[in-house]
Amino acid sequence: MKQERLDKILSHHGFGTRKDAKFIILEGRVKVNGRICYIPEYHVTLEMDSISVDEKDLELRQHIYLMMNKPGGVICSNKDGIHKTVFDLLDERLHQEFLGGSLHMIGRLDLDTEGLLLLTTDGSLTHKLTSPKKNIPKTYFIKLENSVPAEMQPIISRRFAEGIHIAPEGDDGEYDCKPSNLNWLSEDTCTLVITEGRYHQVKRMIAAAGNKVAYLKRTVVNKLPLDISLQPGEYRELTAKELSLLN
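Residues numbered from 1 in each chain as written. Predicted model: local features only at pLDDT ≥ 70, side-chain atom pairs only at ≥ 80, totals over all residues. Heavy atoms only, no water.

1. Let's talk about empty space enclosed by the protein
Over the atoms, a rolling probe the size of a water molecule traces out where space has been left empty. Within the structure shown, the criterion is met by 1 cavity of 30 Å³ or more. What the largest cavity holds in volume is close to 60 Å³. Looking at the largest cavity, the residues that line it are Leu144, Val148, Ile156, Phe160, Leu182, Trp184, Cys190, Ile206, Ala209 and Asn211. Counting residues per element, the ones that place at least two in the lining of the largest cavity are helix H4 (153-162) and strand E15 (181-184). Here the residues of the lining of the largest cavity sort into 9 nonpolar, 1 polar and no charged. (1 Å grid on protein atoms, 1.4 Å probe; cavity = no way out; pocket = protein on both sides within 12 Å on 5 of 7 lines; lining within 4 Å. Points joined across faces, edges and corners; volume = space filled by probe spheres on them. Helix = DSSP H or I, 4+ residues; strand = E, 2+ residues; numbered from the N terminus. Nonpolar A, V, L, I, M, F, W, Y, C, P; charged D, E, K, R; others polar.)

2. A look at the layout of surface pockets
A volume near 640 Å³ is recorded for the largest pocket. What lines the largest pocket is a set of 33 residues, and nearest its centre among them are Arg108, Tyr140, Gly197, Arg198 and Arg218. Secondary-structure elements contributing two or more residues to the lining of the largest pocket are strand E11 (114-120), helix H3 (123-130), strand E12 (138-144), helix H5 (201-208) and strand E17 (213-221). For the lining of the largest pocket, the per-class residue count stands at 17 nonpolar, 9 polar and 7 charged. Of the volumes computed, that of the second largest pocket is approximately 200 Å³. What lines the second largest pocket is simply His12, His13, Gly14, Leu58, Glu59, Arg61, His63, Ile64, Arg93, Leu94, Gln96 and Phe98. Tallied by class, residues from the lining of the second largest pocket come to 4 nonpolar, 5 polar and 3 charged.

3. Focus on unusual backbone geometry
Even without being glycine, Asn33 reaches a positive phi, approximately 55°. Relative to the helices and strands, Asn33 resides in the loop between strand E2 (30-32) and strand E3 (35-36). When its relative accessible area of 41% is taken as the criterion, Asn33 is described as partly exposed. Despite not being glycine, Asp54 shows a phi value in the positive range, around 55°. Here Asp54 lies in the loop between strand E5 (51-53) and strand E6 (56-58). On the basis of relative accessibility, which here comes to 40%, the residue Asp54 falls in the partly exposed class. (Buried < 20%, exposed > 50% of the residue type's maximum accessible area, 1.4 Å probe, protein only.)

4. Let's talk about a nonpolar patch on the surface
A cluster of nonpolar residues, Phe23, Leu26, Ile36, Tyr38, Ile39 and Tyr42, forms a patch on the protein surface that exposes about 580 Å² of accessible area. Along the chain, Leu26 falls in helix H2 (residues 18-26). What makes Leu26 partly exposed here is its relative accessible area of 43%. (Patch = residues over 30% accessible without salt bridge, like charges linked within 9 Å, V, L, I, M, F, W, Y side chains within 5 Å. Areas by Shrake-Rupley, 256 points an atom, 1.4 Å probe, with all protein chains shown as cover. Salt bridge = Lys/Arg side-chain N within 4 Å of Asp/Glu carboxyl O.)

5. A look at the pairing of E12
On a regular strand, one side chain projects to one face of the sheet and the next to the other, so that they alternate. Buried residues dominate E12, accounting for 5 of its 7 residues. In this sheet, strand E16 (residues 189-194) lies alongside E12 in antiparallel orientation, the contact comprising 6 bridges. The residue bridging Lys143 from the neighbouring strand is Thr189, located in E16. Summarising the sheet, E12 and E17 pair through 7 bridges and their orientation is antiparallel. Of the residues in E17, the one forming a bridge with Ile142 is Leu216. (Pairing = 2+ DSSP bridges.)

6. Some words on the packing of aromatic side chains
A complete count under the given rule lists 1 aromatic pair for this structure. Measuring from ring centre to ring centre gives 6.2 Å for Phe141 and Tyr215, while their planes differ by 65°; the resulting arrangement is edge-to-face. With Phe141 in strand E12 and Tyr215 in strand E17, this pair connects stretches of sequence that are 74 residues apart. Over the face of the ring belonging to Tyr175 we find Arg198, whose NZ or CZ atom lies 3.8 Å from the ring centre. (Phe/Tyr/Trp six-rings, centres within 6.5 Å; stacked < 30°, edge-to-face > 60°. Lys NZ or Arg CZ within 6 Å of the ring centre and 35° of its normal.)

7. Side note on the sheet that holds E6
Across the sheet, 4 strands lie side by side as E3-E2-E5-E6; this open sheet has antiparallel pairing. One side of each edge strand has no neighbouring strand; the edge strands of this open sheet are E3 and E6. Pairing between E5 and E6: 3 bridges, direction antiparallel. Residue pairing in the sheet places Ser52 in a bridge with Asp57 of E6.

Note that all results are geometric; they support no functional claim without further evidence.
Next comes the structure, spelled out in structure tokens:
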């Protein structure tokens, strides 16, 4: 089971630097399993032990998992200088270093793309969800610039199912996409399920089919749907059940 030093745990749970945490411990304000602990280097088992500071229980966590409804016009980056970033939308308490590391994004969404964005400190989950070998499905809602007649829709969907070829863009070369599922909702709206995440991939796939994306929103990652109650820019922690839908 995972063990960490008591002063490190306090530091990564919002009690200042490691030096600050040490003073709190030496002042007798910290209890481990109901007993005062004066040893900053005391090792705590995260899954079994309890910690309280000033008689208030501390929720011990190795990792944090967030779901955000990313708005358009916000960039997926730590810093930009021009646009607001997704990290600018987070509370100050989430900018600290956690026991599992720094909070980071699982994949990215384009500046004008909205929808489900996941942030975590869990590198293993990030690798699983972003590795091309894992074939993790991601679902997008698309509004097209040009309407597509009903009789043409099966033909276009078949091209996507066979693996549509996309032209190069930026530093990413031309590419035969993996088979994907294009489902039509109307003549100018559809959903697309892909299992990879190349540069501007959805937009390039739609362009290869002779159309343009007017609006794009990611709605599902693996089996986890975006919480429709989250307004653009809002976020919350995942429940245990939701986390299981990602694994």
